[in-house]
Each structure stands twice: as structure tokens, then as C-alpha cells.
Amino acid sequence: MPRIASVLLPMPLPEAFDYAEPEGLDLAIGDHVTVPLGPRVIRGVVTGLRDGTGGNRPLKPVLERVDDPPLPPGVLSFVEWAARYSVDVPGWPLAMALRGLRHPAAKPDKALVLTGAQPARMTPARLKVLAAAEEGPMASGALAAAAGVSAGVVKGMVDEGVLAVTWVEPDTRFPQPDLSRPPQTLNPSQQASADVLSEMLAAGGFQAALLDGVTGSGKTEVYLEAAAAALAADPDSQVLILLPEIALTQAVLARFEARFGVAPVEWHSAVSPPRRRRAWEGVAAGQARIVVGARSALFLPFRKLRLVVVDEEHDGSFKQEEGFIYQARDLAVARAKIEGALVVLASATPSLESLWNAQAGRYRWLRLSARHGAAQLPDIGLIDMRETPPEPGRWLSPPLVKAVSVALSRGEQSLLFLNRRGYAPLVLCRACGEKMKSPDTDSWLVEHRYTGRLVCHLTGFSMKKPEACPHCGAKDSLTSIGPGVERVEEEARHLFPDARIAVFSSDTVFDAAGARALVDSMAAGEIDILVATQAAAKGHNFPNLTLVGVVDADLSLRGGDLRAGERTFQLLAQAAGRAGRHEKPGRALLQTYAPEHGVLQALKAQDRDAFVEAEMAMRQEAGLPPFGRLAAVIASGPDPVALEAYCNALAAATPNAEGVEVFGPADAPLALVRGRRRKRFLVRAERSVDLQGFLAAWRARAKVPNSVRVVFDVDPYSF
Ligand code: ADP
């Protein structure tokens, strides 16, 4: 009986296409195939097979099967689920699932083996080669090196037929975790949490837990033990740990290596394509058992995923906002559900969504309320910048300067935290008042002194800092307004000329090696003052760091985003949490112009519960997440008339649905990016509403002109 194969392509198409299965190909679901699409040949994945032919219109045939490991059923279900969740085409999440395959498979390597023929002439060098070649096939260079002879000797033996060329499959084995290593001795609350997680794993099936523990309480040790339990339960089981900004948080990798004797498999954008290919294949083969990765690791072809950990689950970088839009925390829960795995969300400052789920009993709530060992949580103090302002043109207030001096005099380290890259966030002309803006984009150019350039942090545009104002031509009139980390560093150097000072931001540290070098030198006490953006605010343990100074605690409160309070609390609690993580007590000082603000008061009182309660009440009152659901619809295009017409048509086509309100269109928070104007609708729905269904139906009711792009952002991070 002929069969029809549904083939999903990693492209923006609404569904899988049907092709005829050629006789004898014997396809299976999950197989990679090539198919014709118009004049092109495209690679896709078989998602369905059924008996039949195309009827009157014969179907084009599948061209061939590609010999890559098939996608497991869990991945296919996940791709489908993710597309529906994000109201997007399934081709996008499929493309993410195939990302590891972009690089070609490793080819067999050329090697030399003994043929059994005896050399016509025996020399001591040739004897050594014969002995070395006994070990098995080896590349000629490696053989010469192993025998300690020149390449010429080996070549002579090949020419004589003593050695012959053979091809060996590349070594695809992954070192396996050593589960016999002893765990850390956990403290009683860690042990209690680890026990619960083990019980949950033993019970099997999908379950979720929130590991909610103050900074330094030892959450990592707890989930390491959960990983050990998951790996020990079954020789094929796999675990996935998701981390934000993993390239800069190598410390966690080292802890896995110390615990299991092997480095976990890494998956993030800084991993080279050949290594990604290898990781992908290792995961598909079930060989790679511990994967530590960024959000996109969720799309890997796990065969037997037993545990997913999302560390720093509150972190905004789990939200992907370009291309395929998704919140990795939510997708992690979905993937675990599909695989029947345990998902653990860990944080010292969980998202309100996760706290809400824990309060409602949907997530098992595990709390660690004290730091491990003798370490105490840092004292948090507020510095009222209205009462003790810095000198004009400076950013560090007298109390903070004093605290840094005291730390220096005791030989202790300080962290000055400012979540802003560069030297100054704004450059303006004193003569004409014009602000330097990014071309065709609604954002200021940020001055970077190290590079002497003005940079748009949104689009990546950059230019050399001009000597004259490009608007009025005035010479030397450009002034830098406000501080970035580079400027705080400059001030610190001026104030503490003898101190050893370093900057940790994505402009000074861009890869794992750089991050490790800086973290190591901080840990070794070679730095007195670290000036850092949030790149350094999380994950690190610096034993001698006793003071954290937050240069501008109000920064992320500005801007009117309804999540600003939550975000600020999380960021500052994490930053403050770097201080005093070992024996020496720590202190955090927050510079603010609004010390009476609820967020800052809650931080000062170390009263997260009060903050959460107030924030939850506000959200409930307003029907905002987690009490209601939100989605943003962003329409953008270069032609304002076409955009406006489309937005009007979309507004007029809003379906009438109970429990749903649509606001807008209004200018999106970034109203102009790379010459495209952006308009936004916000959709607020009661939790019982099928929000995705509503959005899909709405979109179908207005035709999108060619110049306009519409993007749906379900559960937006900013609102
Ligand atoms: P968190 O992830 O909760 O911020 P960590 O897991 O990084 O905390 O632990 C904080 C510090 O305490 C780390 O230096 C860690 O090595 C140490 N630590 C945590 N638990 C233990 C333990 N049971 N025994 C020894 N050291 C521990």
C-alpha cells in the first residue's frame, strides 16, 4: 500500500506538507528527508505517515532520507506544543530543534594500520613504528609521534606496503558521569529538599518543584543531588540544566565536573558548530547525559529526559524576544510534562508566576531560608542621594565612598554594581541641545570610552565619536550625560588610585575564557574593586567580597513597565546577595533618590514576602499576570500609512470574546527600530480564556500587507 508522508519544514509555513513515500524507502516518523518545494530541495522531518496516494493530483515524492539521528517523538510533540503556545508556525521551533545539525556530520578519519607485510629492511626506527602501530589505527602524524620517529620513516613504510590507509569512524563516545563519587554533606534544610526531589523522581511522571532559597543557601548543591538521583535511577536517563548567560557563568560547569568527574555537555551560542553537532548527536544517542545550556537547549533531541532544572528561573534572559518568541521557563515545564520528567525551578527571587503556582500547590515549594554554614545574609542599607549627594559630576556618594575605603583598608573586596554598559548612556551637544540618536531607531547612542565609539545597544549600530556636533557643527560641544560602568570605573580610579580595579561587563568580558579569568582573579583576591553590570550579579561566589554598592538603585524602576518593581527587586536582591557569602559578614548599600519606594523598603527590610504580597495584590486588582493572561501584538513596517491601515483593520476585526480586553494600538515601547515603525496592541484575558485560540482567530481576520510584519508575544516580559 502506498503511503503519504507529512513533512514539516524548518520554514515559516503554517503546516506540514504531504509527499509520496517512494517504494522501499520505509520511512518512520522523526526521519530527516529531503523534499522538493517549488524549484528548491529542502530538508525536513517526517511528522506523519498514512496509507494513501494523493488522489487525482499525484503528490511529489520524498527525494531521499538523510542519515541523521531521527527526532524522538517527544521533540516532535514539543515543537508542536511550542508553536501553538507562541501562536507561531511550527517551522520555527523545528528549526531550533535542528540547529545542531547545521554543521555537517564528522567524517571518518584517515588512519594507518598494519597490513601484516614485513618490511624489506628493518631499522630501529621501523621497529618502533611497528610497536606503536600495534595499538590500533592511528593518523600518520600521531603514529610518528607515538613511535618517536620522523614522518619520513612512516611514509617509507606506507610506500612499502607495511602500513595501509584505512578510515575510522570518529569517536562519538561521551565520558559517562561517575556516580560513585561521594556527594557534599548537605546541611539539614538542603538534605530535606534533596530528599523531596529524590522522592518525586522515584515516583516518576511529570512533577514540578520550586526551589526557593536565599542567595548562598546552597541551591546548586541541592539540584546536583537531584541530578545524581535522576542519573542513578536509570542508566539511560538524561538531565538538563538551563542557566541564563551560561557563557559567563562557568562556575556551575566546574561544580558539575567536580561532582561527576566529567564536564557536562555545554549548549549555547558560543559553542562552535562542530561541537554543537557533536553535542546534538550525543544527546540524540542518549550518550550525553548531563547537558548544561542556555534556553535553546530545551529543543535538543533528548531520548530519556528525567530532570530539567531552570536555575535563576526569574531571569529575563529566559525570554527569547526575537525570531521565535518564547519563555524558556514555561517551555521547560511543558517539555517536562511531555517527557514525564521532574522540573525544578530554582531562584532566590522567584518570578511572581512561579510563586503563585507554588502557593496554589501546583509546584512543590521547597524553601531554604538561611545561607549555608556560618555565612549570613548581607545587611542592606539605603543611601538617600538627596541628603548625601555626590560631588557634581560624580556618581558615588560620600557614604558609599567611605564604605569602599573601609573595605579596602581591611583588605576586603567591593563590587560596584551598575546595570549599564559603556561610559555614558547619553551624549548631547551643549551648543544646540541635540541628542545623539541611533539612525532610524528610537534610542540614544551610548558612549563607550574604551573603543572611542558611540553605540546603539538596540541595533548594534556604532560610529566613531565625532569631534564636532553632527547637527550644528559646534566643536568640542558633545557632553556625556549619566554614568555607565566605564565612568564609575574612572571615578573609582580617581578616588582610590592605589586600588586594583576591574570592569565586568559584556564589553570587557565576551567569552567563557575571559569570564573565567576575571572570576578567578577576583576569587584569588587580585582585584579590590570590581565594577560590574548584571553579567557579574549572579552565580559567582567571591569569599572576600564584603561590600556591594548599587550605584543607581532606581534605574530599572523608571520607564513605567508594570513588571519594573518585580524586576528591580530581583536584580538588586541578587546583586546584594553577592556580598558576605562566606565567613566575613557582608553589606549592600543602595544609592537611591526614592528611599521610600516600596521595592527599596522591602529590600532594606529583607522582607521578600511583604514585597510579593503587595505586588500580587496590585496584579490581582489589575487582572495582570499571574492572575490574568497578557499578550502583546506588535505590528511593524517601514511604511507608516500601510501600518496604520493594517492596525485599523486589525482593531476593527477584534473578535468579541468574553473575558478578553484589547488595548491599543499605541506606539510600541520601541516605536522605531531600523526604520520600521512599531505599534502594539495589548490583550488581557482571564485565565479561563483560550488566549492562543483568540489570537489565532483574530490574526486570520485581517489580511497582512506585504510591508507589515505581525508578531505575537504571549506572556510578554515587559508590559
Ligand atoms: P545558591 O545557589 O543558593 O546561591 P550555592 O549552591 O552557590 O548557593 O552555595 C553557596 C556557597 O556555599 C557555595 O560556595 C557552596 O560551595 C557552599 N555550599 C553550599 N552547600 C554546601 C554544603 N552542603 N557543604 C559545603 N559547602 C556548601
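Conventions adopted
Throughout this document, residue positions are counted from 1 along each chain, in the order its sequence is written. Under the rules for a predicted model, residues below a pLDDT of 70 receive no local features and side-chain atom pairs below 80 are neither given nor counted, while totals for whole chains, interfaces and linings still include all residues. UniProt positions are given in the numbering used here, feature names are shortened, and annotations may be inferred rather than shown by experiment. What makes two strands pair is DSSP finding at least two bridges between them. Runs of E in the DSSP output that reach at least two residues are strands. Runs of H or I that reach at least four are helices, and both are numbered from the N terminus. To obtain an axis, a line is fitted to C-alpha atoms, over the contacting stretch when the element is a helix, and the angle between two such axes runs from 0 to 180 degrees between their N-to-C directions. Buried Ala, Val, Leu, Ile, Met, Phe, Trp, Tyr and Cys residues whose C-beta atoms connect them within 7 Å together make up a nonpolar core. The exposure label follows from counting other C-beta atoms within 10 Å of a residue's C-beta, where the C-beta atoms are placed from the backbone and the thresholds are 20 or more for buried and 12 or fewer for exposed, leaving partly exposed in between. C-beta atoms are first placed from the backbone for all residues, and any pair lying within 7 Å is then listed as a contact. A helix is expected to span 1.5 Å for every residue after the first. Angle categories: roughly parallel below 35 degrees, roughly antiparallel above 145, roughly perpendicular from 65 to 115, and oblique for all the rest. Residues are sorted three ways: Asp, Glu, Lys and Arg are charged, Ala, Val, Leu, Ile, Met, Phe, Trp, Tyr, Cys and Pro are nonpolar, and all the rest, Gly among them, are polar.

- Identification of the protein chain as Replication restart protein PriA from Caulobacter rhizosphaerae is taken from an unreviewed UniProt entry.
- In UniProt, the protein chain has this text filed under Sequence similarities (unreviewed entry): "Belongs to the helicase family. PriA subfamily."
- The protein chain has a UniProt comment under Function (unreviewed entry) that states "Initiates the restart of stalled replication forks, which reloads the replicative helicase on sites other than the origin of replication. Recognizes and binds to abandoned replication forks and remodels them to uncover a helicase loading site. Promotes assembly of the primosome at these replication forks."

Some words on the sheet that holds strand 20 (residues 446-448)
- As summarised here, the arrangement of the 3 strands in space is 20-21-22, forming an open sheet in which the pairing is antiparallel. Of all strands in the sheet, those with a lone pairing partner are strand 20 and strand 22 (462-464), marking the two edges. Pairwise comparison of adjacent strand axes, ignoring direction, gives a mean angle of 30° for this sheet.
- Here strand 20 runs beside strand 21 (residues 453-455); their pairing, made up of 3 bridges, is antiparallel. Within strand 21, the residue paired with H448 across the bridge is R453.

A short note on the nonpolar core
- Counting residues in hydrophobic clusters, the biggest one holds 90 residues, and the most contacted among them are V7, A226 and V344.
- Element by element, the count of residues in this core is highest for helix 7 (residues 219-233), at 8 residues.
- Apart from the residues within four sequence positions on either side, A226 is in contact with A194, L197, S198, L201, L307 and V344.
- Residues L377, A535, L572 and L590 belong to the second largest nonpolar core, which totals 58 residues.

Focus on the sheet that holds strand 26 (residues 545-550)
- The strand order 17-27-26-18-25-24 describes an open sheet built from 6 strands, whose pairing is parallel. Every other strand in the sheet has two partners, leaving strand 17 (379-384) and strand 24 (501-504) as the edge strands with one partner each. When the angles between neighbouring strand axes are averaged without regard to direction, this sheet yields 20°.
- Where strand 24 lies against strand 25 (residues 529-532), 4 bridges are found, and the strand directions are parallel. Residue pairing across strands places V503 opposite V531, the latter belonging to strand 25.

Digging into helix 14 (residues 512-523)
- The terminal C-alpha atoms of helix 14 lie 16 Å apart, and with 12 residues this matches the ideal 16 Å at 1.5 Å per residue to within 8%.
- The elements touched by buried residues of helix 14 are helix 8 (250-260), strand 24 and strand 25.
- Of the residues one or two after helix 14, G525 is the one with positive phi, at around 80°.

Remarks on the UniProt feature "binding site: Zn(2+) 2" (unreviewed entry) in the protein chain
- The positions UniProt marks with the feature "binding site: Zn(2+) 2" (unreviewed entry) are C456.
- By the element assignment, C456 lies in the loop between strand 21 and strand 22.
- Those residues in contact with C456 that lie beyond four places of it in its chain are S438, T441, S443, L445, F461 and S462.

Some words on helix 12 (residues 398-409)
- For helix 12, which comprises 12 residues, the first-to-last C-alpha distance of 16 Å matches the rise-based estimate of 16 Å (1.5 Å per residue) to within 8%.
- Buried residues in helix 12 make contact with strand 17, strand 18 (413-417), strand 25, strand 26 and strand 27 (587-592).

Some points on the packing of helix 3 (residues 124-133) against helix 5 (residues 151-159)
- Remark: helix 3 packs on helix 5, axes separated minimally by 10 Å, with the N-to-C direction vectors making an angle of 75°. The pairing of helix 3 with helix 5 is recorded here as roughly perpendicular in orientation. Here helix 3 contributes A125, R126 and V129 to the contact with helix 5, which in turn contributes V153, V154 and M157.
- In the contact of helix 3 with helix 5, the residues fall into 5 nonpolar, no polar and 1 charged.

Describing unusual backbone geometry
- Omega for the bond connecting P625 with P626 falls within 30 degrees of zero, at 5°, which places this linkage in the cis form.
- The phi dihedral of D26 falls on the positive side, at around 55°, and the residue is not glycine.
- Its location among the elements puts D26 in the loop between strand 2 (17-20) and strand 3 (32-37).
- Here the phi dihedral of D715 falls at roughly 55°; this positive angle occurs in a residue that is not glycine.
- Relative to the elements of secondary structure, D715 occurs in the segment after strand 31 (709-714).

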